[in-house]
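Overview (structure and organization)
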Amino acid sequence: QVQLVESGGGLVQAGDSLRLSCAASGRTFSDYRMGWFRQAPGKEREFLAAISRSGANTYYADYIKGRFTISRDNAKNTVYLQMNSLKPEDTAVYYCAADYRANIYIPDYNYWGQGTRVTVSS
């Protein structure tokens, strides 16, 4: 198993940037593809971005493409989500997830963090 802990959330203003981190422990980090999701109040959880085990391949949801960037540092067992030009509609709890399967387009993930809250004020 792998344990995931997100950090970096907070209260920001529209137009600001924020970088979320997700630290992994328990198993070899580079064995897992990683993903970021979010869940806004009253809405279902939605996919944001995924990154391959090595970090060479990434995949983004169309609605955040160009504003958010996923990256990872396997030496630090950490995956990041850089979020730029934040909007009030980006307000949500953000989750990282890990999965042993290599294909970054598979929507399902086996392991989840507890989430970090991001609030964007207008």
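The structure contained in this document is the topic of the report that follows.

Analysis parameters
- Residues numbered from 1 in each chain as written.
- Predicted model: local features only at pLDDT ≥ 70, side-chain atom pairs only at ≥ 80, totals over all residues.
- Heavy atoms only, no water.
- Helix = DSSP H or I, 4+ residues; strand = E, 2+ residues; numbered from the N terminus.
- Rg over C-alpha atoms; globule rule 2.2 N^0.38 Å.
- Buried < 20%, exposed > 50% of the residue type's maximum accessible area, 1.4 Å probe, protein only.
- Contact = heavy atoms within 4.5 Å.
- Areas by Shrake-Rupley, 256 points an atom, 1.4 Å probe, with all protein chains shown as cover.
- Lys, Arg positive; Asp, Glu negative; His and termini not counted.
- Charge placed at Lys NZ, Arg CZ, Asp CG, Glu CD.
- Pairing = 2+ DSSP bridges.
- Polar contact = N/O pair within 3.5 Å; in protein donor to acceptor, adjacent residues only side chain to side chain.
- Disulfide = S-S within 2.5 Å.
- Phe/Tyr/Trp six-rings, centres within 6.5 Å; stacked < 30°, edge-to-face > 60°.

**Describing the overall build of the chain**
Within the chain, the regular secondary structure consists of 0 helices and 11 strands. Reading the secondary structure of the chain in the N-to-C direction produces β-β-β-β-β-β-β-β-β-β-β. Since a compact globule built from 122 residues should have a radius of gyration of about 14 Å, the 13 Å found for the chain is in line with a globular shape. Projected onto its principal axes, the C-alpha coordinates of the chain cover approximately 40 × 25 × 25 Å. Burial statistics for the chain: of 122 residues in total, 43% are counted as buried. Considering only intrachain contacts with a sequence separation of at least 6, the fraction spanning at least 24 residues in the chain is 57%. Summed over all atoms, the accessible surface of the chain reaches about 6300 Å², with 44% contributed by carbon and sulfur. For the chain, the centre of its 14 positive side-chain charges and the centre of its 11 negative side-chain charges are spaced 3 Å apart.

**Looking at the pairing of strand β1 (residues 3–7)**
Here β1 shows one buried face, formed by Leu4 and Glu6, and one open face, formed by Gln3, Val5 and Ser7. By the bridge criterion, 5 bridges tie β1 to strand β3 (residues 18–25) in an arrangement that is antiparallel. Opposite Leu4, over in β3, you have Ala24 as the bridge partner.

**Looking at the side chain of Thr78**
Relative to the elements of secondary structure, Thr78 occurs in strand β8 (residues 78–83). Look at Thr78 and you get buried, because its relative accessible area is 9%. Only 2.8 Å separates the side chain of Thr78 from the backbone oxygen of Lys76, close enough to count as a polar contact. In this structure, Thr78 is in contact with Ser21, Cys22, Ala23, Phe29, Arg72 and Asp73, ignoring residues within four places of it in sequence.

**So, the pairing of strand β9 (residues 92–99)**
β9 sits mainly inside the fold: 8 of its 8 residues count as buried. Sheet topology note: the strand β4 (residues 33–39)/β9 ladder contains 7 bridges and is antiparallel. When the sheet's bridge partners are listed, Trp36 is paired in β9 with Cys96. By the bridge criterion, 3 bridges tie β9 to strand β11 (residues 116–121) in an arrangement that is antiparallel.

**Here's the deal with the state of the cysteines**
For the structure shown, the criterion picks out 1 disulfide. Residue pairing for Cys22: its cysteine sulfur links by disulfide to Cys96, the two sulfurs lying 1.9 Å apart. Judged by the torsion about the S-S bond (45°), the Cys22/Cys96 disulfide is right-handed. Linking Cys22 in strand β3 with Cys96 in strand β9, this pair joins segments that are 74 residues apart in sequence. A relative accessible area of 0% places Cys22 in the buried class. Of the residues examined, Cys96 reaches a relative accessible area of 0% and is grouped as buried.

**Topic: the packing of aromatic side chains**
Applying the stated criterion across every chain yields a total of 8 aromatic pairs. Plain terms: the ring middles of Tyr32 and Tyr100 are 5.7 Å apart, the flat faces sit at 80° to each other, and that makes the pair edge-to-face. Placement of Tyr32 in the loop between β3 and β4 and of Tyr100 in the loop between β9 and β10 (111–112) is noted, with a sequence separation of 68 residues between them. Residue class for Tyr100 comes out partly exposed when judged on its relative accessible area of 46%.

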